[in-house]
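# Analysis of the macromolecular model
Chain by chain, the residues:
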Amino acid sequence: MMNRKLVIIIGLILLASFVFSEGLQPSDLAWNGAMSVTLDKETFMDGETITGHVRIANKEEYPIIGGILVLQIAQGEYEYPSQSVTNDNVLFEKTIKDIWVLPNTVKDIDFNLGIVQGGEYRADAYLSVLRSKHTGASWIFMSPLSKEFNVEGEEYKRLQIFRPLTNFNGVRGPVGFPVEGGEEINGEIFITNETGEDRDSLQIGITICDWSTGFCEKEETLFDIGTIKANQTDPVNVKVKVPTIPSAYAINIKLYNGDIIESIYKSRVIVAGGTAKLRKMLINGFKEKDYSLLTIFSGSPDHFNYPPFNNFSLGMKIYSNTILIQEEKVDINNIDTSEIKQQDFDIKNNIFDRVCLEITKQSVLYDEFCFDVELEAIQEAYDLEYPEIVQVDWSYNEELTELTLALNKSISINSRVRIIHNNQIIFEDSVTNASEYEKIIFIQRDNMVMLVDDFDAKNQQTINLNLALDKDEVEIVENGVVESSGTTTITCSDKICDNGFVCDGESYASLQGTCCKSTCVPAIESEGFNLLGIPFIFWIAIIILLAAIAVVGTTVQKVKHK
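Below you will find a few notes about this structure. Keep in mind it's a predicted model, so treat the numbers as computed, not measured. (Residues numbered from 1 in each chain as written. Predicted model: local features only at pLDDT ≥ 70, side-chain atom pairs only at ≥ 80, totals over all residues. Heavy atoms only, no water.)

### Some remarks on the sheet that holds strand β24 (residues 340–346)
To be explicit about the condition: In this analysis, strands are considered paired if DSSP registers two or more bridges between them. By the criteria applied, helices consist of DSSP H or I runs no shorter than four residues and strands consist of E runs no shorter than two, each listed in order from the N terminus. To get an axis, a line is fitted to the C-alpha atoms, and for a helix only the part in contact is used. The angle between two axes follows their N-to-C directions and goes from 0 to 180 degrees.
In spatial order, the strands read β20-β21-β24; together these three strands make up an open sheet with antiparallel pairing. Since the sheet does not close on itself, it has two edges, and those belong to β20 (277–284) and β24, each with one partner. For this sheet, the mean angle separating the axes of adjacent strands, direction not counted, is 20°. In this structure, β20 lies alongside strand β21 (residues 292–298), joined through seven bridges in antiparallel fashion. Among the inter-strand pairings, I283 is bridged to a residue of β21, identified as L293.

### Quick look at the nonpolar core
Selection rule: Think of a nonpolar core as a cluster: buried Ala, Val, Leu, Ile, Met, Phe, Trp, Tyr and Cys residues, connected wherever their side-chain atoms sit within 4.5 Å. Under the scheme applied here, a residue whose accessible area is under 20% of the maximum for its type counts as buried, over 50% as exposed, and between as partly exposed, the area being computed with a 1.4 Å probe on protein chains only. Contact between two residues is taken to exist if any of their heavy atoms lie within 4.5 Å; hydrogens are not considered.
Ranked by size, the top nonpolar core spans 76 residues in total, and within it F168, I204, I206, L293, V355, F371 and V373 carry the most contacts. Setting aside residues no more than four positions away along its own chain, F371 makes contact with I65, L130, M281, I283, L293, D353, R354 and V355. Judged by nonpolar contacts, the second largest core, of 29 residues, contains M35, L91, I109 and Y121.

### A few points about the layout of surface pockets
What counts is decided by this rule: Cavities and pockets were defined on a 1 Å grid built from protein atoms only: a cavity is a group of points that admits a 1.4 Å probe but offers it no way out, a pocket is an open group of points flanked by protein on both sides within 12 Å along at least five of seven lines, and a lining residue is one with an atom within 4 Å of any such point. Grid points are joined across faces, edges and corners, and a volume is the space filled by probe spheres set on the points. Just so you know the grouping, Ala, Val, Leu, Ile, Met, Phe, Trp, Tyr, Cys and Pro go in nonpolar, Asp, Glu, Lys and Arg go in charged, and all remaining residues, Gly too, go in polar.
Within this model, the largest pocket holds a volume of roughly 710 Å³. Residue lining of the largest pocket: 29 residues in total, with K133, W139, W211, R279 and P301 positioned closest to the centre. Of all the elements in the fold, those that place two or more residues in the lining of the largest pocket are β8 (132–135) and β19 (260–271). Considering only residue class, the lining of the largest pocket consists of 17 nonpolar, eight polar and four charged. Lining the second largest pocket are 24 residues; nearest its centre among them are F215, C216, E368, F369 and C370. If you list the elements that add at least two residues to the lining of the second largest pocket, you get β4 (64–76), β5 (88–101), β15 (199–210) and β26 (364–372).

### Some remarks on the side chain of K254
Applicable threshold: The charged-residue count follows a simple rule in which Lys and Arg add positive charge and Asp and Glu add negative charge, with His and chain termini not counted at all. Each reported salt bridge corresponds to a side-chain nitrogen of Lys or Arg within 4 Å of a carboxyl oxygen of Asp or Glu.
Looking at where K254 falls in the secondary structure, it is placed in strand β18 (residues 247–257). Buried and unpaired, K254 has no salt bridge, with E220 as the nearest side chain of opposite charge at 4.6 Å. Those residues in contact with K254 that lie beyond four places of it in its chain are Q203, I204, G205, E220, I261, S263 and I264.

### Notes on the pairing of β8
When strand β7 (residues 119–129) meets β8, the two strands line up antiparallel, connected through three bridges. Paired with V129 across the bridge in β8 is S132. Hairpin connection, β7 to β8: the antiparallel pair is bridged by two residues, and L130 has positive phi, about 55°.

Here you go:
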């Protein structure tokens, strides 16, 4: 028995190492952020609209685009998992789509949940970004943010879908069960009537949506169920046909009493087979206005059979005013169940308003997700939140004591430059109506601070100009001692010889060049002719004198012989 467990554990480890070979983890399918819920009141009057707002925090470096906020009103006590809960009833659901939030910012979304009769309630909020979870998961009633409230007035007693008994194909709750594509499944929906009176003319509405009912707007299939007697819990049998494409599908169940929704509950079904699912999409490039899209996709949700999916295509379509302006497609060799992969696409246009991603195989559409992009509004908000800051470059020529300052910006500069030394402004200049600025400033070699104010970006850059000699260099200058420390040089405190002249005595290296502590002489005297300390011109005179003596001596000898 132990050996068998060990084999299973090793197999799971090997599977995990294979599945996440690209370095992507299940956490990469979620969105990093937070959310809060606030109602405008804790107590509303009878007939008053329930209003409030959610605050969405985006902690990613990419903007949230395609956010889907699902809001519910419920009575009772929340508990997860839902299939064992008897004292909880969802009676209202609303979806707000196409939400966007800039990177590392927060945004408030106002909501209106309509009117409910007297009683004690709670508002539940869920948020997803396309198919990536941000806060909770509405399709399985997992981890909402909740806020309790009261409504003054006469209470309306509702029928309730009894969760512990409600099932499809014998499986309770929104956990999912495998079926073949196009199969007809049996649903048994139990309804509890604790209102104290018979209720008739009731209907059940069924909607089947890929992944979540918050993601689609399909028509309901309605079933007339007649009367539910007081103080009874009765089953209602339904038959529905599931889609043919492999995926996870949410089954949304609504109990109607005329126009009143009495109860909402969800189930789930897994259409077996290999597929790939689009999970997370990120649009980048708002800083440069050069856009790209990163999509993260996973294998089949059929965790009962673990089918692979081979030789399929991942495509991107970009639209502007309903016109297709770009289409890209890449071929994918394989993805296994629970495997996670990603793909980048360059967006070649900077004007678009809709993006669609799709997964196809042999001309069959296996998955598709489209979302609207308010590009102009997002870009404008991004530019205000993250304005371009003027770029500052500087260099210092120690020999010439020149500070070269350069400012650059892709748009017109509106800046001020100040240099502060010993708490005094020693240089100040303003730059406007130009995208480039360059200035050469003659400045002493000392430590000081440069402040560059960008008035458009509301930003101030503080730049330390550490130009002063260090302690060792100061000591060398003060003592007049040459330090043989490799490349260390100091400021010349004596003289620099002009071109064509050299030092005829002690010299040392400095920031300005060779520094002479004695006398500068013509360079020719330093090129090997200043022998034994006697200048070259005296050597010439001596040679001429010796030659003259030799000539005179020879002439005297010739005269004597004659």
